[in-house]
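Topology and contacts: notes
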Amino acid sequence: MKVSMKKLALIPLAVSLVLVGCNTETSQSTQTNATETASQSTLNTAKTAEAIRSSAYDIANRSAQWQIEQIGNLDYIPESHRAKSENAKFWIQAAFYIGLTRWTETAKNKDFLDYIQGMAKAENYDLLQDRPYHADDHTIAQTYLWLAEQTKNVDAIKPTQVMFDMILANQPKVGLEMLDETASGSGKVHLEGNCQLRWCWADALFMAPRAWLQMSNVTGDPKYFEYADKEFWAAADYLFSDKYGLFFRDSRYFDLKSDNGEPVFWGRGNGWVFAAVPLIIDELPKDHPSRDRYIELYKKNANGLLKLQTEEGYWPASLMDPNKVKTPEVSGTGFITFGLAWGVNNGILTDAKSKEVVEKGWAAIEKTIEPNGRVNWVQHVGKSPDPVKKTDSQLYGVGAVLLAASEMVKWKN
């Protein structure tokens, strides 16, 4: 079912650039009063921040509207993943809704809220049933639970609560090592080696844990997040490299080297986790005993990522080997820009370098957006650094841009 939506009025982006110290009338005095210089610098900074906020508002509305209009007509997506992309309950589209809900809440956009409500109701607030333990299939629950938080619609949580209660009553006991032959997540609870019954890959930490925390917040029952907190840290401790400040995608990458001999850290894989941690922290009660631990992990991951931005402002598909895939990649860049901007906006990252990296990341994202809102340079579905073309686009890439925009629209510098 495609929910109709009236055309949104977009705020045009009008940016005027003030170039300090480039006056063409060189005959004017070069001995500028110090007070005037400081005043002009402040004015220039304010205008720059205003331009960034205006850009974020414009891009978010255009890209969100463009993506909504493509639902049901995703012929630009490779056929191998088109059918799954058209399913609102599958993670590909569900990741878009996470960005859209964040933007809707930030911009207080009623049209987008109406669209999200219509989509969720059309899906009967259901989750996919074939893989009840699989994190990917919990992704859409974040949107249902967000609706419950925003609108007090208790119907939105019921199917998810039934599934989560079943998992709590039959908790998986498998290990976290991923083996190619048992990586489907569709096996029985007792199947040894099927680690995707748990959260044994980096992407999973974006897809599932926040939904469990939201369930605790909506119901008032801490048991859901107690489970998620335990499982999150089991996975994070297993996959995070203290040496590099980065996440391995899964255990198959621990010793893997790229063609150029560098360790393989997938850009979007790290983006998934780095975007998830702020989303989790924002849902945590202020006095939750795990809060400081999540913030500490955030800082370590941020420190690793800050050093890896390319000259063009993107994060490479292969973080430690930018020559592996030299093209821009926007899904990882969008998630990472969101995470870093959140840290700046919340006073966690306070140095000038972090602010510079965020602004450079947003400027890179701006270049990938078509006038109609289409987001280019998005690596297709995968699990490792793969080639990217300009015409490649996907729903989760738009979700990443919306998350980034939700922080850049608050930007101050």
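Residues numbered from 1 in each chain as written. Predicted model: local features only at pLDDT ≥ 70, side-chain atom pairs only at ≥ 80, totals over all residues. Heavy atoms only, no water.

Describing unusual backbone geometry
We note that Lys 108 has phi near 55 degrees; this positive angle belongs to a residue other than glycine. As for its position among the elements, Lys 108 is in the loop between α3 (91–107) and α4 (110–122). Positive phi values are uncommon outside glycine, yet Asn 124 reaches one of about 60 degrees. Of note, Asn 124 is situated in the loop between α4 and α5 (141–151). (Helix = DSSP H or I, 4+ residues; strand = E, 2+ residues; numbered from the N terminus.)

Comments concerning the state of the cysteines
In this structure the tally under the stated criterion is 1 disulfide. Across a sulfur-sulfur distance of 2.0 Å, Cys 195 and Cys 200 are joined as a disulfide pair. On the sign convention where negative means left-handed, the S-S torsion of about 55 degrees between Cys 195 and Cys 200 marks this disulfide as right-handed. Residue classification places Cys 200 among the buried residues on the basis of a relative accessible area of 1%. (Disulfide = S-S within 2.5 Å. Buried < 20%, exposed > 50% of the residue type's maximum accessible area, 1.4 Å probe, protein only.)

Notes on the packing of helix α12 (residues 330–345) against helix α14 (residues 395–408)
Axis separation between α12 and α14 bottoms out at 8 Å; the angle between their running directions is 20 degrees. Classified by the interaxial angle, the pair formed by α12 and α14 is roughly parallel. Considering how the two elements wind past one another, α12 and α14 form a crossing that is left-handed. Of the residues in α14, those touching α12 at Val 330, Ser 331, Gly 334, Phe 335, Thr 337, Phe 338, Ala 341, Trp 342 and Asn 345 are Tyr 396, Gly 397, Ala 400, Val 401, Leu 403, Ala 404, Ser 406, Glu 407 and Met 408. (Axes fitted to C-alpha atoms, helices over the stretch in contact; angles between N-to-C directions. Parallel < 35°, antiparallel > 145°, perpendicular 65-115°, else oblique. Left-handed = near helix turned anticlockwise from the far one by under 90°. Contact = heavy atoms within 4.5 Å.)

Considerations on the packing of α12 against helix α13 (residues 352–366)
The description of two helices packed together rests on the angle between their axes and the distance between the axes. Contact geometry for α12 and α13: axes closest at 9 Å, N-to-C directions at 145 degrees. The interaxial crossing formed by α12 with α13 has left-handed handedness. When α12 is examined against α13, the residues Thr 333, Gly 334, Thr 337, Leu 340, Ala 341 and Val 344 are found in contact with a partner set consisting of Ser 354, Lys 355, Val 357, Val 358, Gly 361, Trp 362 and Ile 365. Looking at the contact of α12 with α13, its residues break down into 7 nonpolar, 5 polar and 1 charged. (Nonpolar A, V, L, I, M, F, W, Y, C, P; charged D, E, K, R; others polar.)

Thoughts on the environment of Phe 96
Looking at where Phe 96 falls in the secondary structure, it is placed in helix α3. Measuring from C-alpha to C-alpha, the distance between Phe 96 and Ile 68 comes to 9.7 Å, with 28 residues separating the pair along the chain.

Thoughts on the nonpolar core
One finds Leu 100, Phe 206 and Leu 340 to be the most contacted residues of the largest nonpolar core, which totals 135 residues. Apart from the residues within four sequence positions on either side, Leu 340 is in contact with Phe 274, Tyr 298, Ala 302, Leu 306, Trp 315, Leu 349, Val 357 and Val 358. (Core = buried A, V, L, I, M, F, W, Y, C linked by side-chain atoms within 4.5 Å.)

Here we look at the environment of Pro 132
Examined against the element boundaries, Pro 132 turns out to sit in the loop between α4 and α5. Taking C-alpha positions, Pro 132 is 8.0 Å from Ile 167, a pair spaced 35 residues apart along the chain. Excluding its chain neighbours within four sequence positions, the residues that come into contact with Pro 132 are His 138, Met 163, Met 166 and Ile 167.

Overview of the side chain of Ser 85
Here Ser 85 lies in helix α2 (residues 79–85). The class of Ser 85 is buried, set by a relative accessible area of 0%. A polar contact is formed between the side chain of Ser 85 and the side chain of Gln 394, at a distance of 3.0 Å. Residue contacts for Ser 85: discarding those within four places in its chain leaves Leu 74, Ile 77, Ile 92, Gln 93, Gln 394 and Leu 395. (Polar contact = N/O pair within 3.5 Å; in protein donor to acceptor, adjacent residues only side chain to side chain.)

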